[in-house]
Amino acid sequence: MPTIGVLALQGDFREHCQRLRSIGVATREVRLPVHLDGLDGLVLPGGESTTIARLLQRFGLQEPLRERARAGFPLWGTCAGAILLGDAVPGLDRAPLGLLPIMVERNAYGRQIDSFETDLDVPALGAKPFHAVFIRAPRIASVGSGVEVLARHEGDPVIVRRGPLLATTFHPELTSDVRLHDYFMTECVGPAESAAKALPTLAGGSH
Ligand code: GLN
């Protein structure tokens, strides 16, 4: 059974753990670099991106995450987590992880009171719309090369993916629809796991 870490420094990590467990995935709360060992992927939850960015730095998680991402480690950022994955975030007082070539504008839809819910058309998840909860959501203002846009809201990308990296600007862990958690497991984690399993065979074959 794969084990997925959920960054548990701040924000709604418990809801992500519950959703993942409900689809048969083992979870681990991640607070320190040592907690990353042996994981098959990591979710960066929603919360407050400046707080999470500071704590990532304080607990020494930034570089270990960047190194793993360079080696193909699957990561999924939701809301504040999507902000942290970006490589250009005006107004964030710490460097984001810079793993996905996306420019992210924080709190772009207004204040807490301007939070909203809407049904998204997400062809990759099938015909049924995905009910999405946006809470002081960020806006993906532009995407760089290799970034696939899986859904848009009023023209703005709200689900983007680049290989094993996935970002959503809303909170899929707050509704009971687990299709995005399933998508992350099959499309981002699944292929990475198979690639890792294939490595010993390839290395063995070359001797
Ligand atoms: N507004 C938050 C931030 O910039 C993100 C909101 C969220 O994760 N729900 O950190």
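Everything here concerns the structure above.
The notes below deal with the structure included here. Computed from a prediction, not measured in an experiment: that's the story for all the values here.

Each value, and the rule that gives it
Residues numbered from 1 in each chain as written. Predicted model: local features only at pLDDT ≥ 70, side-chain atom pairs only at ≥ 80, totals over all residues. Heavy atoms only, no water. Helix = DSSP H or I, 4+ residues; strand = E, 2+ residues; numbered from the N terminus. Contact = heavy atoms within 4.5 Å. Near = heavy atom within 4 Å. Polar contact = N/O pair within 3.5 Å; in protein donor to acceptor, adjacent residues only side chain to side chain. Areas by Shrake-Rupley, 256 points an atom, 1.4 Å probe, with all protein chains shown as cover. Nonpolar A, V, L, I, M, F, W, Y, C, P; charged D, E, K, R; others polar. Disulfide = S-S within 2.5 Å. Pairing = 2+ DSSP bridges. Axes fitted to C-alpha atoms, helices over the stretch in contact; angles between N-to-C directions. Salt bridge = Lys/Arg side-chain N within 4 Å of Asp/Glu carboxyl O. Buried < 20%, exposed > 50% of the residue type's maximum accessible area, 1.4 Å probe, protein only.

## Examining the environment of F59
Examined against the element boundaries, F59 turns out to sit in the loop between α2 (49–58) and α3 (62–70). With 45 residues separating them along the chain, F59 and R14 place their C-alpha atoms 20 Å apart. When near neighbours in sequence (up to four residues on either side) are disregarded, F59 contacts L9, R31, L32 and P33.

## Some remarks on the site of the ligand
The immediate surroundings of the ligand are formed by G46, G47, E48, S49, C79, A80, I83, R106, N107, I135, R136 and H171. At a separation of 2.7 Å, a nitrogen atom of the ligand approaches a polar side-chain atom of H171. For the ligand, the accessible surface in isolation is 300 Å², of which the surrounding protein chains cover 95%. A class-by-class count of the residues in the shell around the ligand yields four nonpolar, five polar and three charged.

## Considerations on the state of the cysteines
Covalently bonding the sulfur atom of one cysteine to the sulfur atom of another cysteine gives a disulfide. One pass over the full model with this rule turns up zero disulfides. The closest cysteine sulfur to the non-disulfide-bonded C188 is located on C17, 18 Å from its own sulfur.

## Considerations on the sheet that holds strand β2 (residues 26–30)
The mixed open sheet is built from seven strands, whose spatial order is β2-β1-β3-β4-β12-β11-β10. If you trace the sheet from one side to the other, it starts and ends with β2 and β10 (148–153), each paired once. Sheet twist, expressed as the mean angle between neighbouring strand axes with direction ignored, is 20°. Bridging between strand β3 (residues 41–44) and strand β4 (residues 75–78) involves three bridges; their strand directions are parallel. Across the sheet, the residue bridging to L42 is L75, located in β4.

## Quick look at the pattern of salt bridges
Under the criterion given, the structure shown has ten salt bridges. A salt bridge links E63 to R70; its shortest N-O distance comes to 4.0 Å. Look at R70 and you get exposed, because its relative accessible area is 62%. Here D93 ties to R94 by a salt bridge, and the two come within 3.7 Å at their closest N and O atoms. Classification of D93 by relative accessible area gives partly exposed; the value is 41%.

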